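Spelled out from the first residue to the last, the chains are:
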Protein chains: 2
Amino acid sequence: MNKEELIKQTAKELFFSKGYLHATTQEIADAAGVNRSLINYYFRSRDLLFQTVYREAVDSLKSQLDKVLYDKIDFQAKISLFIDVYMKELLKYPYRESFLITEICSKNFALKEKKKSAALVHFLKEVGEEMDKGTIKKGDPIQFMFNLFALMSFPVIMKPLYQKLLDISQEKYNTLIAERKQIILDQIFN
Amino acid sequence: MNKEELIKQTAKELFFSKGYLHATTQEIADAAGVNRSLINYYFRSRDLLFQTVYREAVDSLKSQLDKVLYDKIDFQAKISLFIDVYMKELLKYPYRESFLITEICSKNFALKEKKKSAALVHFLKEVGEEMDKGTIKKGDPIQFMFNLFALMSFPVIMKPLYQKLLDISQEKYNTLIAERKQIILDQIFN
DNA sequence: TTAATGTTTAACAATTTTGTTAAACAACAA
DNA sequence: TTGTTGTTTAACAAAATTGTTAAACATTAA
């Protein structure tokens, strides 16, 4: 892998996987095994590296949604597939969304462009139709989407805290996460 | 309010309410309207201020749980009350848990002591009993707890991102959040 | 009043983090 | 070969952030 890509991937590793949102350029360089100046050579500044990582995170998030949510398959199968795809990514990058939130909340971050996800809008429409059909309980499709994402993401994101609060081992927690898919499906389609 | 308390409250405001996890001591001092040296006077170092805020966040989280989860009231009423209490706090401090996670993930943070929550353990036992009674669907009480916290917290935490992805206004989003309680109760007790 | 104690501030010092530069190095074409 | 281009590094410079100090200030007790 070329160094530019290596730096980006390492930054994502630190931010999204390790949840180390305070990483300095030196720490990123060390983790990547490259000279810190290379970060400035390829990205000009720390801030531009962050912006690049941010943009790619949003893009990859959206392209993931695209990949599944446009599929013309049975709704129940689509949800099942979606949970598979999304939770696989969650386990790899549990803190990606947390990074995005932190950056959005950060002062110097002014992203003017619209980042609306067409795939999500399309999915919400489909959810509405399934509610009419009676496949799932009626309600606001957005709330259905909230429920779905919440049930997948939150236990993964909160792992370090819940492990402390409940004194649960790594293995036990991983087992609990692995069981989530079926639990979510039960919740949705009871 | 005395300055020491003011500094702590302001730090919590920045971290927990605004989600501004990168705040410097100068920014905290400015937001509090005090001289930055006061932070060193009262807390010795930036790190100790962070540790203090962290500890108080964990303690207040646990004491909140205590306040509700030990109540000897009907289970359904207890859940209803718990959602009220917890979501009220969530709206005030949406990023408190995110701050905790970020600090736990941060390298220099080695919290050795057990922070296990007796109230949660007690609650899990009660959930198990209610499952036996048939009030709620059978399963692992921890998973029930995961569902409950996820459904409350996640849509609140992800507000900035979901507003972008779905192009939703402040008012609309707030309305959606306000509707959450009933939706969660429906999910749980269908 | 003075003395003692705690609080607050500005100025300074130290440290950490980031950014720049020039030179070394590598690959490759002319 | 030489020259050109892009890559990598160390050394340096600049900026940002944190920590320390001494003096000013306030409050209260003796």
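Numbers given for residues are sequential positions, taken from 1 along each chain in its written order. All chains are assigned letters beginning at A, and all ligands numbers beginning at 1, according to the order in which they are written. Whole-chain, interface and lining totals are the exception, using all residues; otherwise, since this is a predicted model, local features are given only for residues with pLDDT of at least 70 and side-chain atom pairs are given and counted only at 80 or more. Note: side-chain values were computed over all heavy atoms of the structure, leaving out hydrogens and water.

Bringing the interface of chain B and chain A into the picture now. Here a residue-residue contact requires only that any non-hydrogen atoms of the pair lie within 4.5 Å. If you look at the interface, chain B gives 59 residues, while chain A gives 59 residues. For the pairing of chain B and chain A, the buried interface totals around 5500 Å² over both sides, and the portion due to carbon and sulfur atoms is 69%. Whenever a carboxyl oxygen of Asp or Glu lies within 4 Å of a side-chain nitrogen of Lys or Arg, that contact is scored as a salt bridge. Linking Lys172 of chain A and Asp140 of chain B is a salt bridge whose minimum nitrogen-to-oxygen distance equals 3.8 Å. Contacts described as polar in this section are N or O atom pairs within 3.5 Å, which, within protein, must combine one atom able to donate a hydrogen with one able to accept it, while residues neighboring in sequence count only if both atoms come from side chains. On the surface where chain B and chain A come into contact, there are eleven residue pairs in polar contact (both at pLDDT 80 or more). At the level of secondary structure, the elements contributing two or more residues to the side of chain B that touches chain A comprise helix H4 (46-69), helix H6 (96-105), helix H7 (118-133), helix H8 (141-157), helix H9 (159-166), helix H10 (170-178) and helix H11 (180-189) of chain B. Of the residues forming the side of chain B that touches chain A, the biggest block, twelve residues, is contributed by H8 of chain B. Accessible area, probed at 1.4 Å, shrinks when two parts are joined; the buried area is that loss added up over both. Numbered from the N terminus, helices here are DSSP runs of H or I no shorter than four residues, and strands are runs of E no shorter than two.

A surface patch of nonpolar side chains, about 180 Å² in accessible area, is lined by Ile73, Leu81 and Val85 of chain A. Taking relative accessible area as the criterion, Leu81 of chain A reaches 33% and is therefore assigned partly exposed. Distance thresholds for patches are 9 Å for like charges and 5 Å for nonpolar side chains (Val, Leu, Ile, Met, Phe, Trp, Tyr), applied to residues having over 30% relative accessible area and no salt bridge. Method for areas: the Shrake-Rupley scheme with a 1.4 Å probe, in which residue coverage is limited to the protein chains shown. Using a 1.4 Å probe on the protein chains alone, a residue whose accessible area is under 20% of its type maximum counts as buried, one over 50% counts as exposed, and one in between counts as partly exposed.

What follows concerns unusual backbone geometry. The phi dihedral of Arg44 of chain A falls on the positive side, at around 75 degrees, and the residue is not glycine. Its place among the elements puts Arg44 of chain A in the loop between helix H3 (37-43) and helix H4 (46-69). Taking the relative accessible area as the measure of exposure, Arg44 of chain A reaches 66% and is therefore exposed. The phi torsion at Asp167 of chain B lies on the positive side, around 55 degrees, for a residue other than glycine. Examined against the element boundaries, Asp167 of chain B turns out to sit in the loop between H9 and H10. We classify Asp167 of chain B as partly exposed; its relative accessible area is 43%.

Let us look at empty space enclosed by the protein. Think of a 1 Å grid over the protein atoms and nothing else: a 1.4 Å probe that fits but is trapped marks a cavity, an open set flanked by protein within 12 Å on at least five of seven lines marks a pocket, and residues with an atom within 4 Å of a point count as lining. Grid points are joined across faces, edges and corners, and a volume is the space filled by probe spheres set on the points. Applying the stated criterion across every chain yields a total of four cavities of 30 Å³ or more. Estimated volume of the largest cavity: approximately 140 Å³. What lines the largest cavity is a set of 16 residues, and nearest its centre among them are Leu21, Ser98 and Thr102 of chain A together with Ser98 and Thr102 of chain B. Elements with a contribution of two residues or more to the lining of the largest cavity: helix H6 (96-105) of chain A together with H6 of chain B.

The next point concerns the protein's contact with DNA strand D. If even one non-hydrogen atom of a residue comes within 4 Å of a molecule or strand, that residue is called near it. With respect to spatial proximity, 13 residues lie near DNA strand D, and among them Tyr41 and Tyr42 of chain A together with Thr25, Arg36 and Arg46 of chain B are the closest. Residue Ser37 of chain A places a side-chain N or O atom 2.9 Å away from a base nitrogen belonging to DNA strand D. Take Tyr42 of chain A: an N or O atom from its side chain is 2.9 Å from a phosphate oxygen of DNA strand D. Looking at the surface near DNA strand D, the element that brings in the most residues is H3 of chain A, giving four residues. Within the surface near DNA strand D, the residues separate by chemical class into three nonpolar, seven polar and three charged. All residues other than Ala, Val, Leu, Ile, Met, Phe, Trp, Tyr, Cys, Pro, Asp, Glu, Lys and Arg, Gly among them, are scored as polar; the first ten of these are nonpolar and the last four charged.

So, about the UniProt feature "DNA-binding region" (unreviewed entry) in chain A. UniProt positions are given in the numbering used here, feature names are shortened, and annotations may be inferred rather than shown by experiment. With numbering aligned to this structure, UniProt lists the feature "DNA-binding region" (unreviewed entry) at residues 24-43 of chain A. Here residues 24-43 of chain A is 75% helix and 0% strand, with 14 Å between the C-alpha atoms at its ends.

On to the protein's contact with DNA strand C. Around DNA strand C, the surrounding shell holds 13 residues, and the nearest of these are Thr25, Arg36 and Arg46 of chain A together with Tyr41 and Tyr42 of chain B. For DNA strand C, the fraction of atoms within 4 Å of the protein that belong to sugar or phosphate moieties is 54%. Within the contact set of DNA strand C, a phosphate oxygen lies 3.5 Å away from a side-chain nitrogen or oxygen of Asn40 of chain A. Separating a base nitrogen of DNA strand C from a side-chain N or O atom of Ser37 of chain B is a distance of 2.9 Å. If you tally residues by element for the surface near DNA strand C, the top one is helix H3 (residues 37-43) of chain B, at four residues. Residue composition of the surface near DNA strand C, by class: three nonpolar, seven polar and three charged.

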